[in-house]
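Summary of structural features
Each chain is listed here by its residues.
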Amino acid sequence: VIYPHDYALMLFYEFYACGMPIFLPAHLSKYLFPYSATVPLLDYVPDWVRKLPNRPPYSPLSLISVDSLRYYAHYMDFFRYPGVEYFEGIPNLLARLPVADLPKMSATMRSFRLHQLDKAHNHWDCALRSVFAREQLQSSCGDSVFRR
């Protein structure tokens, strides 16, 4: 069980990589970071940026409201990675733990992690070949951002 704040960000990735079943709070209010010393700095948006027509309504760096979290939650690994279970409160967590399919959660997490490692390997392989070959990337790299 992880309540997401500073050290939990690191623990989440470590536990996930190990395939350790993870239970997280379902309510977005548990993911707010209102007491961060940097919050005022993260809220700053230059005037020219505020006037951009397609600008998101919230800064992705300033997650200090449920509305901003709701807007960006689908980008957050806490909610994006498969195999993670969510609970509504401590009574709900205590009811879910004995019936949770822990082996299935672990297998789902390990499978996703291996898929992500494969994608990362292919991406960085293309990047390194581009840097060292100093030539047009081969078609095997797909739409890599490293194409020249």
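Structural data are supplied above this passage.
Residues numbered from 1 in each chain as written. Predicted model: local features only at pLDDT ≥ 70, side-chain atom pairs only at ≥ 80, totals over all residues. Heavy atoms only, no water.

1. What to know about the nonpolar core
Of all hydrophobic cores here, the largest spans 17 residues; its most connected members are F12, Y16, I22, L24, L69, F78 and V84. Residue contacts for Y16: discarding those within four places in its chain leaves L11, I22, Y81, P82, V84, T108, M109, F112 and R113. (Core = buried A, V, L, I, M, F, W, Y, C linked by side-chain atoms within 4.5 Å. Buried < 20%, exposed > 50% of the residue type's maximum accessible area, 1.4 Å probe, protein only. Contact = heavy atoms within 4.5 Å.)

2. Some words on the pattern of salt bridges
In total, this model carries four salt bridges according to the counting rule given. The salt bridge partner of D67 is R70, with a shortest N-O separation of 3.0 Å. Note that D67 and R70 are positioned in helix 4 (residues 66–72) at a spacing of three residues, about one turn of the helix. Looking at R70, the relative accessible area reads 51%, which means it is exposed. (Salt bridge = Lys/Arg side-chain N within 4 Å of Asp/Glu carboxyl O. Helix = DSSP H or I, 4+ residues; strand = E, 2+ residues; numbered from the N terminus.)

3. Focus on the environment of Y72
Residue position: Y72 is located in helix 4. If near-sequence neighbours (up to four positions away) are discounted, Y72 is found in contact with P56, Y58, S59, P60 and L63.

4. Concerning the packing of aromatic side chains
Scanning all chains against the criterion turns up twelve aromatic pairs. With a centroid separation of 4.9 Å and an interplanar angle of 80°, the aromatic rings of F12 and F78 are classed as edge-to-face. With F12 in helix 1 (residues 6–18) and F78 in helix 5 (residues 77–80), the pair connects residues that are 66 residues apart, well separated along the chain. The buried category is assigned to F12, whose relative accessible area is 1%. For the ring pair F12 and Y81, a centre distance of 5.8 Å and an interplane angle of 50° mean the geometry is tilted. A residue pair is termed long-range when its members are at least 10 positions apart, and F12 in helix 1 and Y81 in the loop between helix 5 and strand 2 (85–87) qualify at 69 residues. One aromatic cluster is present, formed by F12, Y13, Y16, F78, Y81 and F112 through successive ring pairs. (Phe/Tyr/Trp six-rings, centres within 6.5 Å; stacked < 30°, edge-to-face > 60°.)

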